[in-house]
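# Fold and geometry: a report
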Amino acid sequence: MAGSAKAAIQRPRGTQDVLPGAVYVWEYVENAIREVCRRYHYLEVRTPIFEHTELFERTTGETTDIVEKQMYTFRDRGGRSLTLRPEGTAPVVRAYLEVPERPLLPWKVFYLGPMFRHERPQAGRFRQFVQFGVEAIGADDPALDGEVIALADDLFARLGLEGLSVHLNSIGCPRCRPSYREALLSYFRGREGLCADCRRRLEVNPLRVLDCKEASCRALAEEAPRPTDFLCPECREHFDGVQAFLRHTGIPFVLAPTLVRGLDYYTRTVFEIMHGALGAQNTVCAGGRYDGLVEQLGGDPTPGVGFAAGLERLITTLELEGRLPPPPTEVQVMVAYAGNAARPVALDILYRLRRSGWQADIDYLGRSLRAQMKQASRLGAPLVAMVGEDEVASGEVTVRDMRTGEQVRVPLEELEVTLRRIAPTT
RNA sequence: GUGAAUGUAGCUCAGCUGGUUAGAGCGCCAGACUGUGGAUCUGGAGGCCGGGGGUUCGAGUCCCCUCAUUCACCCCA
């Protein structure tokens, strides 16, 4: 690829470099996330990048692809099996159980950081990707389900996104799900037309047959029994409560009777926030309730609800909707000089500006003044401070406004006032 | 893990049925303007045509393998 004799080392498959010119977009999104979370009283938690493998095996679901074949698992020198975290909820719950003092409930936290799954990359899917997620542990109030959905909705609105829609469903609890499962099995077993994948799904995880993309399966799924028809009275009431909250709060949503989630720990509420124009991986945010998870990890029975959002997909959505913020100014003042005699003076000016807070830079490639101007222009620097032999002799500096082309020559002491006057806001 | 498409200058791409010095646009550097950007013109640098093997007198063009990228499936943010 590269012209060198040795083969160039490329980044590992499914990873990305966020280059300097793009980092501001990430900062923009991260800032929006932190601000919204603060308003909803969710505090940040930072858990390790790797965990004991068992944590994910026990929670995510032993039959899910994530655990079966997508984990980056390795042994450390002590022989322990560790895994780069493939998702954020299990680690957060584990951390909750390790909080030294009993936390005030609900424990409302958010996380923001890289996750790892060994999958084939495609549009909107990477092996290392960044997830933002919130978890509220310790209350089963439907208004809390509503709160995490509201938080996500608020965030997306704040980012200016419009093409997203909330899809909502309830998959019941360990008490009502078995009867639904049976109904589903007998429905599909009595019918022809399922694809090969779905015949396998039917045995492994029957609920997943519902969201198959195959046309024939979808047709069958349309008529299939729905989880919401089998909810026990408590789950029914809870689900009604979530919907009532959303209507009351004015958050639009659509009921999605065939929506199920992949991870084993979900109960009751499940939801996804999707975008119509994203390609095959169109879910930007997904979550739900996990009332059995804390107990499963050795804690007292404690309900919980949360979601995870993929930042790469979110940023793609921003691009798609033309909602990327303009890039920030890299350099406010470019210091240019003509002739080697002026260089020490130019460096003095450069450091004087930097020390008083200006974003300032200078040419290091010995370019002609003309080329220095061109650089300044390309960098989008609004101001150039120029010195040549004349200025050195008279103790002055020439300030050029790159937007208008106007320039003035002022005594060195007046440089900063002049800069501020010409470009007060930069 | 499965399938398909694509890999030619820094970037985006040409290169007809294999034919000898591999091109364009943009970008970059320099000059026209011996101290001044965004316009124009001129010149220049920069490619073992992803890598390996094969067919052929001859391969960027054909065949095989391999690596990478992209999209889709599986699954999922």
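Residues numbered from 1 in each chain as written. Chains lettered and ligands numbered in written order. Predicted model: local features only at pLDDT ≥ 70, side-chain atom pairs only at ≥ 80, totals over all residues. Heavy atoms only, no water.

### Overview of the overall build of chain A
Rules: Think of it this way: any DSSP run of H or I at least four residues long counts as a helix, any run of E at least two long counts as a strand, and we number them from the N terminus. The contact criterion used is simple: two residues touch if any of their non-hydrogen atoms lie within 4.5 Å. Here the accessible surface of atoms and residues is derived via Shrake-Rupley with a 1.4 Å probe, and residues count as covered only by protein chains that are part of the display. Residues scored as charged are limited to Lys and Arg (positive) and Asp and Glu (negative), so that His and the chain ends carry no count. In plain terms, the charge of a residue is placed at NZ if it is Lys, CZ if Arg, CG if Asp and CD if Glu.
For chain A, the helix and strand inventory stands at 15 helices and 16 strands. Across chain A, contacts joining residues at least 24 apart in sequence account for 67% of those joining residues at least 6 apart. Here chain A displays about 21900 Å² of accessible surface, and carbon together with sulfur accounts for 50% of that area. Computed over 53 positive and 57 negative side-chain charges, the separation of the two mean positions in chain A equals 4 Å.

### Let's talk about helix H5 (residues 142–158)
What counts is decided by this rule: Here a helix's expected span is defined as the number of its residues, less one, multiplied by 1.5 Å. Under the scheme applied here, a residue whose accessible area is under 20% of the maximum for its type counts as buried, over 50% as exposed, and between as partly exposed, the area being computed with a 1.4 Å probe on protein chains only. Any pair of N or O atoms that falls within 3.5 Å is considered a polar contact. Within protein, one atom must be able to donate a hydrogen and the other to accept it, and sequence-neighbouring residues count only if both atoms are side-chain atoms.
Taking 1.5 Å of rise per residue, the 17 residues of H5 would be expected to cover 24 Å, and the 24 Å separating its terminal C-alpha atoms lies within 8% of that figure. With 12 of its 17 residues buried, H5 lies for the most part within the structure. Those residues of H5 that fall on the buried side of the exposure criterion are Pro142, Leu144, Asp145, Gly146, Glu147, Val148, Ile149, Ala150, Leu151, Ala152, Leu155 and Phe156. With a side-chain oxygen positioned 2.8 Å from the backbone nitrogen of Ala143, the residue opening H5 is Asp141. Immediately downstream of H5, the backbone of Gly160 shows phi near 85°, a positive value.

### Points about the protein's contact with RNA strand B
Threshold: We call a residue near a molecule or strand whenever a single non-hydrogen atom of that residue lies within 4 Å of it. For this scheme, ten residues count as nonpolar: Ala, Val, Leu, Ile, Met, Phe, Trp, Tyr, Cys and Pro. Four count as charged, namely Asp, Glu, Lys and Arg, and the remainder, Gly too, count as polar.
Within the structure, RNA strand B sits among 54 residues, and Arg117, Arg125, Arg201, Arg261 and Met402 are positioned closest to it. Expressed as a percentage, the sugar and phosphate content of the atoms of RNA strand B within 4 Å of the protein is 54%. Here a sugar or linking oxygen of RNA strand B and a side-chain polar atom of Arg200 are 3.5 Å apart. Those elements giving two or more residues to the surface near RNA strand B turn out to be strand S6 (128–137), helix H7 (196–204), strand S10 (283–289), strand S11 (304–310), helix H13 (369–379) and helix H14 (389–394). Per-element accounting of the surface near RNA strand B gives the leading share, 8 residues, to H13. By residue class, the composition of the surface near RNA strand B is 16 nonpolar, 16 polar and 22 charged.

### Details of the sheet that holds strand S13 (residues 360–362)
Convention followed: In this analysis, strands are considered paired if DSSP registers two or more bridges between them. Think of each axis as a best-fit line through the C-alpha atoms, taken over the contacting stretch in the case of a helix, with angles from 0 to 180 degrees between the N-to-C directions.
Taken in spatial order, the 5 strands of this open sheet run S13-S12-S14-S15-S16, and their pairing is mixed. Since the sheet does not close on itself, it has two edges, and those belong to S13 and strand S16 (407–411), each with one partner. Geometrically, the sheet is characterised by an average inter-axis angle of 25° between neighbouring strands, direction not taken into account. Two strands pair when backbone bridges link them, and strand S15 (residues 396–401) and S16 are joined in this way by 5 bridges, in the antiparallel orientation. Directly across from Val397, in S16, lies its bridge partner Val410. Sheet strands touched by H13: strand S12 (333–337), strand S14 (383–387) and S15. Its angle to S12, the strand with the most contacts, is close to 175°.

### A short note on the nonpolar core
Rules: Take the buried Ala, Val, Leu, Ile, Met, Phe, Trp, Tyr and Cys residues and link them wherever side-chain atoms come within 4.5 Å; each set so joined is a nonpolar core.
Formed by 52 residues in total, the largest nonpolar core has its most connected members in Ile33, Tyr42, Phe132, Val134, Leu151, Phe156 and Phe307. Apart from residues lying up to four places away in sequence, Phe307 is in contact with Tyr111, Phe132, Gly133, Val134, Glu135, Val148, Leu151, Ala152, Phe271, Cys285, Ala286 and Gly287. Ala90, Cys198, Leu207 and Ala308 belong to the second-largest nonpolar core, a separate cluster that totals 45 residues.

### A look at the pairing of strand S9 (residues 267–275)
Along any regular strand, the residues point their side chains to alternate faces of the sheet. Of all 9 residues that make up S9, 9 are buried, and the element is covered over most of its length. With 7 bridges joining them, strand S7 (residues 164–170) and S9 adopt antiparallel strand pairing. What sits directly across from Leu164, in S9, is His275.

### Comments concerning the environment of Tyr24
By the secondary structure assignment, Tyr24 is in helix H1 (residues 23–39). If sequence neighbours within four positions are ignored, Tyr24 has contacts with Pro325, Pro326, Pro327 and Pro328. Of the polar contacts made by the side chain of Tyr24, one reaches the backbone oxygen of Pro325; its length is 3.0 Å.

### Topic: the packing of H1 against H5
How we decide: Orientation labels follow simple angle bins: below 35 degrees gives roughly parallel, above 145 gives roughly antiparallel, 65 to 115 gives roughly perpendicular, and whatever is left gives oblique. Crossing handedness: left-handed means the near helix sits turned counterclockwise from the far one by under a right angle, and right-handed means the same turn made clockwise.
As a packed pair, H1 and H5 sit with axes 10 Å apart at the nearest point and diverge in direction by 140°. As the angle between them shows, H1 and H5 are arranged oblique. Helix-helix and strand crossings are classified by hand; for H1 and H5 the assignment is right-handed. Facing Tyr28, Ala32, Ile33, Glu35, Val36, Cys37 and Arg39 of H1, the residues of H5 in contact are Leu151, Asp154, Leu155 and Arg158. When the residues that make up the contact of H1 with H5 are grouped by side-chain class, the tally is 7 nonpolar, no polar and 4 charged.

### Details of the domain arrangement of chain A
Here is the rule we go by: An automatic or database domain assignment provides the domain bounds reported here.
Each assigned domain of chain A is listed here: domain 1 (23–176 + 231–320) and domain 2 (333–422). Placing a centre on the C-alpha atoms of domain 1 and another on those of domain 2 gives a separation of 51 Å.

### Regarding the environment of Gly306
Along the polypeptide, Gly306 turns up in strand S11. With 162 residues separating them along the chain, Gly306 and Leu144 place their C-alpha atoms 9.1 Å apart. With sequence-adjacent residues up to four places away left out, Gly306 is seen in contact with Val134, Glu135, Phe271, Gly287, Gly288 and Tyr290.

### Considering the packing of H1 against helix H11 (residues 311–320)
Where H1 contacts H11, the two axes come as close as 11 Å, and the packing angle between them is 105°. Comparing their axes, H11 and H1 come out roughly perpendicular. Each of Val25, Trp26, Tyr28, Val29 and Ile33 in H1 lies in contact with H11, whose residues at this interface are Leu311, Glu312, Leu314, Ile315 and Leu318. Classifying every residue of the contact of H1 with H11 by side-chain character gives 9 nonpolar, no polar and 1 charged.

### Observations regarding the sheet that holds strand S4 (residues 81–84)
Read across the sheet, 3 strands follow the order S2-S4-S3 without closing on themselves; strand pairing throughout is antiparallel. At either margin of the open sheet sits one strand with a lone partner, and together these are strand S2 (50–52) and strand S3 (72–75). Each strand axis lies, on average, 35° off the axis of its neighbour in the sheet, ignoring direction.

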